[in-house]
Every structure is written in C-alpha cells, then in structure tokens.
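# Chain and residue survey
Spelled out from the first residue to the last, the chains are:
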Amino acid sequence: MKRRYYQLVASLPALPDFRQTKLLPMSRRRLEERLSLLHADDLDELMRTERLVSWHRQPVSRTTEQIAAMYEEVVANNRTPELLNIVDFRMNIRTLMVALRLRRQGKSAPPGRWGTGPYTRIIESRWADAEFGLSAVFPWIPEAQMFLDRGDALGLETLMMGESWKKLGQISDAHPFGFEQVFAFVYKWDILHRWLSYDAEQARERFEELILEVTSDHQNLFA
Amino acid sequence: MEPLVLTMGWLGIFAPLTLGAIGSMIGVGRGGQAAAGAMLEVEGGYGRFVGVAAMPSSQTIYGIVVMLTLNRTVTLGSSPGLFVLGTLTGVALLMSAMAQGSACAAAINTSKSKPEVFGISIAPAAVIEGFAVFVFVFALVLAGAIPK
C-alpha cells in the first residue's frame, strides 16, 4: 500500500517561486527535522536520490564514470517510478548541457561514456541537428543554446532551474501527500536555497564559475 | 442455504454502521494528521483545522440511523433487501468518508499558507458530504419497501 504523509506535507511551508523571493521559508535543519517523519526506507531513498540530483555544486573532481555509477545505484534501488522520472529529467538536462557545450566548441561526441539516460545515443546520432532531434521532448534547447552563445551563464542557470521547478510542480500536484510530493518539495527547496545563496559576494564567485562552465572544455556531467 | 441468506440479512443491517465508521476513522485520521502538521507551521487558529479534520465523522452518524431504520426481524423475505441496501449504503459511506478525509487534508494544507481561502478550500469536502447525504436519505426512503 502506498504510504501517505499527511502530517509531513501539511507541516511544510509553501515555497514561493524561486525568481520572486528573497527569503528561504525554512532552514535545512528544520527541514531535516520534518523529514524524520518519513518512513526509514523512503528517507534512505530520498537522501540517495538527492545526493545525485542536488543543485548544489558537485565536486569537480567527480568523474563521469563516478556519476554514472551513482545514477545506476539510484536506478537499481529505486522503488518509486516517479522519482526515477525526476532523476532522469535532471540527468537529461546535464547530458544535454554537456552536448551543447562540446558542440559549441566544435567538438563531436567523445568516445566512451560521456552522459547518462536514454537520450545519449540519440544525441550522438543526431549531433549535427541543431536540437539533436529532441525539440519535442526538450523544447528549451534553443533557448539554452542562445544563452550559451551569448555567454549568459546566469540566464542559462535560471532557465535550467525554471524547467526543473516546473517539472517538480507537476509531479507534486499529481501525488498529493505522497512520497513524490515530499521529494519534490526537498528538491525545490534545494533550488531555492541555491538561488538565494547568490548574494553579492557569493554571486561574483559563482558567476565566475558559471562563466568557466560555459566556456570550458571539460565534459563531466556535473560541470 | 437458509442460514446463509439470513446471515446476509444481518450483514446488511450492520454494514452501514461498520463501514461508515471505518470510513470515518480513515477520513478523520487523514484530516487529523494534516491538522497536526499544519499546527507546526501556524501560530494560531488551530481549532478550525481540528474542526475540518472532524468532518468525516458524519458518515458514522448516517450509518447509525440507517442501521436503526433497517433493524427488523430478519426473514427469508427481508434478507435480500437488507443485504443489498445495507451493504451498498455502507460502501458508499466508507468511500465518501475516505475521500472527504483527503479533501479535508488538502484544505488544511492549503489554508495554513493562505488563510483567506479557508472557506472555499473546504467546499470540495462539503460537496462530498452532499453525496453521502443522498445515499443516506434514499436508503431511508427505500428501507420502507423492505418487508417487516
């Protein structure tokens, strides 16, 4: 029987759109206190999945193989199909961003593993296509390409966050009081936290990082 | 065969109360959990959350009234009618209480962040109550046609 988290969901604050708020409505500590209401299995799955999809900067030293191994671990232990849907959505974004950066630098798809998810082979086979033949699935590709061409790293980050935010909203609405809604909240909180951490000082450092990402030639999924 | 038919008659008499009460337990449980969660987030107005959470209690009351109306000497003539009317009424009350509990939980979750929509947010739960009332009223009407 599917678990429902009436108390937990009702104890979480409404999250405002990340582009229109200046305050984080809940601290991480308070969030973790509330998450203790989750069943142990669900809490494990949430933590494992969050480590993979979290918007927080992943260590640059982490290789594509390591990321792929983490992805496979999440897939192997997954008990919630909708969660896998979120993971795939995030990994597809990362894979597409790697492909767009490589192509912008005039490179072709590298040999060996360079992305994850079902679209990797399609992207390789349609490399010359402006949208990799995936415009119906990922209608934001032209906009992302435009931000890359302009070197507008912040615009690109906002677009990616916005697409994830929209997807999480849909999943949350489709599973009222379910584990999926809890996960969607945690992931949206992560995006909001990331967004609000761009204060003056941090924003400058982060902006430099983003510029580096847009212009660099490294290929890691988390780059 | 005769004992089975008579057993079904007794089942029909008690089903509205039993199933209605089970539904109320589940429904109030859902609403109550949401109310408890919302209380962690708001500074006041706890009473209205508890009030909304208690809405699915009414199905038990409807069940009691239908049970008392159906209660009569169980015979081979009255058993089929008692079974059909009683069990179907019970199932309807069970389902409505569960659905109402979910609607109440959603109303509590919404109104904790946006108190101004409190009234309108409980409208779906009130509509579900209306369907339970339909079943209740027409069960009473049809009960008169079952042989005494």
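Residues numbered from 1 in each chain as written. Chains lettered and ligands numbered in written order. Predicted model: local features only at pLDDT ≥ 70, side-chain atom pairs only at ≥ 80, totals over all residues. Heavy atoms only, no water.

## A closer look at the nonpolar core
Residues L52 and W140 of chain A are the most contacted members of the largest nonpolar core, which totals 77 residues. Ranked by the residues each element gives to this core, the list is headed by helix α5 (residues 81–104) of chain A, at 12 residues. With residues up to four places along the chain from it excluded, the contact list for W140 of chain A reads I93, L96, M97, L159, M160 and E163 of chain A. Core analysis: the next-biggest nonpolar cluster, separate from the first, contains 15 residues, Y62, M67, L70 and A143 of chain B among them. (Core = buried A, V, L, I, M, F, W, Y, C linked by side-chain atoms within 4.5 Å. Buried < 20%, exposed > 50% of the residue type's maximum accessible area, 1.4 Å probe, protein only. Helix = DSSP H or I, 4+ residues; strand = E, 2+ residues; numbered from the N terminus. Contact = heavy atoms within 4.5 Å.)

## Describing a nonpolar patch on the surface
A cluster of nonpolar side chains, contributed by V127, F131, F134, V137, F138, V141 and L142 of chain B, occupies part of the molecular surface with about 700 Å² of accessible area. Overall, the relative accessible area of 53% leaves V141 of chain B in the exposed class. (Patch = residues over 30% accessible without salt bridge, like charges linked within 9 Å, V, L, I, M, F, W, Y side chains within 5 Å. Areas by Shrake-Rupley, 256 points an atom, 1.4 Å probe, with all protein chains shown as cover. Salt bridge = Lys/Arg side-chain N within 4 Å of Asp/Glu carboxyl O.)

## Topic: helix α7 (residues 141–150) of chain A
Residue and element names in this part refer to chain A. Taken together, the buried positions of α7 are I141, A144, Q145, F147 and L148. Down the axis of α7, the smallest arc covering the buried residues is 160°, so these residues share one side. Downstream of α7 by one or two residues, G151 has phi in the positive range, about 70°. (Arc of directions from axis to C-beta.)

## Observations regarding the interface of chain B and chain A
Each side of the interface is counted separately: chain B has 14 residues, and chain A has 10 residues. Across the interface of chain B and chain A, roughly 1000 Å² is buried in total on both sides, 58% from carbon and sulfur atoms. The three residues of chain B that bury the most area against chain A are Q33, L40 and E41 of chain B, which together make up 39% of that side's buried surface. Taking the shortest distance from any N to any O, the salt bridge between E41 of chain B and R34 of chain A comes out at 3.4 Å. Scanning the region where chain B abuts chain A turns up 4 residue pairs in polar contact (both at pLDDT 80 or more). Secondary structure elements with two or more residues in the side of chain B that touches chain A: α1 (2–39) and α4 (79–113) of chain B. Taken together, the residues of the side of chain B that touches chain A break down into 6 nonpolar, 5 polar and 3 charged. (Buried area = accessible area lost by both parts, 1.4 Å probe. Polar contact = N/O pair within 3.5 Å; in protein donor to acceptor, adjacent residues only side chain to side chain. Nonpolar A, V, L, I, M, F, W, Y, C, P; charged D, E, K, R; others polar.)

## Quick look at the packing of helix α3 (residues 40–53) of chain A against helix α4 (residues 64–76) of chain A
Residues and elements named next belong to chain A. In the contact formed by α3 and α4, the axes pass within 10 Å of each other and the chain directions differ by 150°. With respect to their mutual orientation, α3 and α4 come out roughly antiparallel. Crossing of α3 over α4 shows left-handed handedness. Contacts between α3 and α4 involve R48, T49, R51 and L52 on the former and, on the latter, I67, M70, Y71, E73 and V74. Of the residues contributing to the contact of α3 with α4, the split by class is 5 nonpolar, 1 polar and 3 charged. (Axes fitted to C-alpha atoms, helices over the stretch in contact; angles between N-to-C directions. Parallel < 35°, antiparallel > 145°, perpendicular 65-115°, else oblique. Left-handed = near helix turned anticlockwise from the far one by under 90°.)

## Quick notes on the packing of aromatic side chains
All names here are of chain A. For the coordinates displayed, the defined rule picks out 10 aromatic pairs over all chains. Ring plane angle 80° and centroid distance 5.1 Å describe the contact between F18 and W195, whose orientation is recorded as edge-to-face. On the criterion of sequence distance, the pair formed by F18 in the loop between α1 (6–10) and α2 (28–35) and W195 in helix α9 (residues 179–196) is long-range, its members being 177 residues apart. Plain terms: the ring middles of F183 and Y187 are 6.1 Å apart, the flat faces sit at 55° to each other, and that makes the pair tilted. (Phe/Tyr/Trp six-rings, centres within 6.5 Å; stacked < 30°, edge-to-face > 60°.)

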